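For reference, the chains in residue letters:
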Amino acid sequence: MYKRIIILTCLALFSLSCSSDDSDELVDEPSVVGVWKLTGYDVGFLVDINDDNVKNSDIIKEIGCDVNEEIVFKTDGTLAANDTFHHVVNIYKSDLNGNYNIIIECVEGYTSFATPYIYENNTVEFHDVVSVISNNQFDRVFENAIEIYNEDFTEIIEFRDLTLTYTRL
């Protein structure tokens, strides 16, 4: 999208003189083009996976796995997701106290994909998820994407939303 701008030229010399030039010069709105890093993986409930007595709903702050996922938005309307988050995350709810417990298996290797995207009015859409960009960040919310199991992992007992946060590098 382009916005029409008015260029004001002002001279200051004991008095102020201004002129207006209604120019056809066009200015791009802020762009999504560039590199964005996965900085949040919010599971919607507090956990202390690393036993530091600090609970977080963002498991990136809790795990010892490398998280190198980046999304590169290109000017041609395509994106490349590099080194996607593919660690194994298993969540169960304790029968004894109702607490959520997460078992993480760090997976080495490199997984990526490419896909088209749509960017308009500070929103970006790909894989049918629309995200609003604000303060150089955007969240991708996946409804009911997290499966919570019973303690012996034989039954899914509830679902939770997963929120991924990306920050512009």
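Preceding this paragraph is the structure being described.
Predicted, not measured: the structure shown is a model, and the values here were computed from it.

Which residues make up the overall build of the protein, and what values go with them?
A tally of regular secondary structure across the protein gives zero helices and 16 strands. Counting the 169 residues in the protein, one finds 31% classified as buried. Within the protein, contacts between residues separated by at least 24 positions form 50% of all contacts whose residues are at least 6 apart in sequence. Total accessible area on the protein stands at roughly 10800 Å², and carbon and sulfur atoms take up 49% of it.

Mind laying out the environment of Gly-34, listing which residues take part and the relevant values?
With respect to the helices, strands and loops of the structure, Gly-34 is situated in strand E5 (residues 34-47). Separated by 45 residues in the primary sequence, Gly-34 and Leu-79 place their C-alpha atoms 9.4 Å from one another. Residues in contact with Gly-34, not counting those within four places in the same chain, are Ile-71, Val-72 and Phe-73.

Which residues make up the state of the cysteines, and what values go with them?
Applying the stated rule across the entire model yields one disulfide. Residue Cys-65 pairs covalently with Cys-106 via a disulfide, S to S 1.8 Å. Torsion about the S-S bond of the Cys-65 and Cys-106 cystine: about -85°, corresponding to left-handed handedness. Placement of Cys-65 in the loop between strand E6 (56-58) and strand E7 (70-73) and of Cys-106 in the loop between strand E10 (100-105) and strand E11 (113-116) is noted, with a sequence separation of 41 residues between them. Classification of Cys-106 by relative accessible area gives partly exposed; the value is 44%.

Go over the pairing of strand E8 (residues 78-82) with me, naming the residues and quoting the values.
Here E7 runs beside E8; their pairing, made up of four bridges, is antiparallel. Paired with Ile-71 across the bridge in E8 is Ala-81. From the end of E7 to the start of E8, which pair antiparallel, there are four residues, and Gly-77 there has a positive phi angle of about 85°. Note that E8 and E11 share four bridges and pair antiparallel. Counted as the bridge partner of Ala-81 is Phe-113 from E11.

Mind laying out the side chain of Ser-131, listing which residues take part and the relevant values?
Mapping Ser-131 onto the fold places it in strand E14 (residues 129-134). For Ser-131, the contacting residues outside a window of four places in its chain are Asn-122, Thr-123, Val-124, Phe-138, Asp-139 and Arg-140.

Residue-level account of the nonpolar core, with values.
Within the largest apolar cluster, 30 residues are counted, with the highest numbers of intra-cluster contacts made by Tyr-41, Phe-45, Phe-73 and Val-124. Of all the secondary-structure elements, those providing two or more residues to this core are E5, E7, E8, E10, strand E13 (123-126), strand E15 (137-149) and strand E16 (156-168). It is E5 that contributes the most residues to this core, six residues altogether. Other than its neighbours up to four places away in sequence, Val-124 contacts Val-32, Phe-73, Tyr-117, Ile-118, Tyr-119, Val-129, Val-130, Ser-131, Ile-133 and Phe-138.

Quick rundown of the packing of aromatic side chains? Include the residues and the values.
The final tally for this structure, using the stated rule, is 10 aromatic pairs. Relative to Tyr-166, the ring of Phe-138 has its centre 5.2 Å away and its plane inclined at 20°; by these criteria the two rings are stacked. Here Phe-138, found in strand E15, pairs with Tyr-166, found in strand E16; they are 28 residues apart in sequence, far enough to count as distant. For the pair shown, Phe-138 and Tyr-166 are each scored as buried.

Could you give me a rundown of unusual backbone geometry, with the residues and numbers involved?
Phi at Asn-121 takes a positive value of approximately 50°, unusual for a residue other than glycine. When you line up the elements, Asn-121 lands in the loop between strand E12 (118-120) and E13. Residue Asp-128 is not a glycine yet carries a positive backbone phi of 65°. Looking at the secondary structure, you find Asp-128 in the loop between E13 and E14. By relative accessible area, Asp-128 is classed as exposed at 73%.

What counts and how
Residues numbered from 1 in each chain as written. Predicted model: local features only at pLDDT ≥ 70, side-chain atom pairs only at ≥ 80, totals over all residues. Heavy atoms only, no water. Helix = DSSP H or I, 4+ residues; strand = E, 2+ residues; numbered from the N terminus. Buried < 20%, exposed > 50% of the residue type's maximum accessible area, 1.4 Å probe, protein only. Contact = heavy atoms within 4.5 Å. Areas by Shrake-Rupley, 256 points an atom, 1.4 Å probe, with all protein chains shown as cover. Disulfide = S-S within 2.5 Å. Pairing = 2+ DSSP bridges. Core = buried A, V, L, I, M, F, W, Y, C linked by side-chain atoms within 4.5 Å. Phe/Tyr/Trp six-rings, centres within 6.5 Å; stacked < 30°, edge-to-face > 60°.

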